[in-house]
Amino acid sequence: MSAMSSRAKPKDLAKKSGGGSIRPSQQSRPSQGQQHILEAHGFILGERVGKGSYGDVWKAYSTDHRSIVAVKVVSKQKAPPDFLEKFLPREIEIIKILQHPNIINFILSIETNKSTERAGDSPRERGGGHDTNLDA
């Protein structure tokens, strides 16, 4: 995940991201179910800002925090069991407790049958994170 500027509104996201819309393109976007779950938690997905072996990082707007955030979506189908059982939980636990001006803050983790989504805000926004498990 990477830090994003804070206090931007959805209409401003297109300007800050160099044009385009807050909505991700059809190419490589999360499933409708994933988008629905994220939107239910107040996240409007924008463009993809990173791609890894097991998932993607998306720029998003948090309606709850009123700021631009990063959302990491990890595919349980792509990731090996040791990553899902050992390394991902460690990463989430470490990110939850880190507090540094150059590292984003953890907001929440959402686990579904097919993926794990993590959201983080900019370093300037402080607050406690939490986990949510969903069967969707």
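Before reading on, note that the structure itself is shown above.
Residues numbered from 1 in each chain as written. Predicted model: local features only at pLDDT ≥ 70, side-chain atom pairs only at ≥ 80, totals over all residues. Heavy atoms only, no water.

**Some remarks on the environment of V57**
Thinking step 1. Within the element layout of this structure, V57 appears in strand β2 (residues 55-62).
Thinking step 2. By relative accessible area, which is 13% here, V57 ends up buried.
Thinking step 3. Counting along the chain gives 15 residues from V57 to K72, while the straight-line C-alpha distance between them is 4.3 Å. (Helix = DSSP H or I, 4+ residues; strand = E, 2+ residues; numbered from the N terminus. Buried < 20%, exposed > 50% of the residue type's maximum accessible area, 1.4 Å probe, protein only.)

**As for the nonpolar core**
Thinking step 1. Counting 12 residues, the largest nonpolar core consists of I37, L38, F43, L45, W58, A60, V69, V71, V73, I107, L108 and I110.
Thinking step 2. If you look at the next biggest cluster of nonpolar residues, it comprises seven residues, including L88, I92, I95 and F106. (Core = buried A, V, L, I, M, F, W, Y, C linked by side-chain atoms within 4.5 Å.)

**Comments concerning the pattern of salt bridges**
Thinking step 1. Under the definition given, this model contains six salt bridges.
Thinking step 2. Two residues, D56 and R48, come together in a salt bridge whose shortest N-O distance is 3.8 Å.
Thinking step 3. Ionic pairing is found between K72 and E91, a salt bridge with its closest N-O pair at 2.8 Å. Of the two residues, K72 sits in strand β3 (residues 67-75) while E91 sits in helix α3 (residues 81-97), which places them 19 residues apart along the sequence. (Salt bridge = Lys/Arg side-chain N within 4 Å of Asp/Glu carboxyl O.)

**A few points about a nonpolar patch on the surface**
Thinking step 1. On the surface, I94, L98 and I103 cluster together into a nonpolar patch covering about 220 Å² of accessible area.
Thinking step 2. Mapped onto the elements of the fold, I94 is located in helix α3.
Thinking step 3. A residue is classified by how much of its surface remains accessible, and I94, at 47% relative accessible area, is partly exposed. (Patch = residues over 30% accessible without salt bridge, like charges linked within 9 Å, V, L, I, M, F, W, Y side chains within 5 Å. Areas by Shrake-Rupley, 256 points an atom, 1.4 Å probe, with all protein chains shown as cover.)

**Some remarks on α3**
Along an α-helix, residues three or four positions apart point the same way, because every turn accommodates 3.6 residues.
Thinking step 1. Its 17 residues give α3 an end-to-end C-alpha distance of 24 Å, which sits within 8% of 24 Å, the value for a rise of 1.5 Å per residue.
Thinking step 2. Taken as a whole, α3 carries its principal kink of about 35° at F87; the proline P89 stands between one and four residues after it.
Thinking step 3. Listed as buried for α3 are F83, L88, I92 and I95. (Expected span 1.5 Å × (residues − 1). Bend = angle between axes of the 7 residues up to and from the residue.)

**Some points on helix α2 (residues 32-40)**
Thinking step 1. Turning to α2, its buried residues number three or more, namely Q34, Q35, I37 and L38. Across the axial projection of α2, the buried residues extend over an arc of 160°, all falling on one side. In this structure, α2 carries Q32, H36 and A40 as exposed residues pointing more than 90 degrees from its buried face. (Arc of directions from axis to C-beta.)

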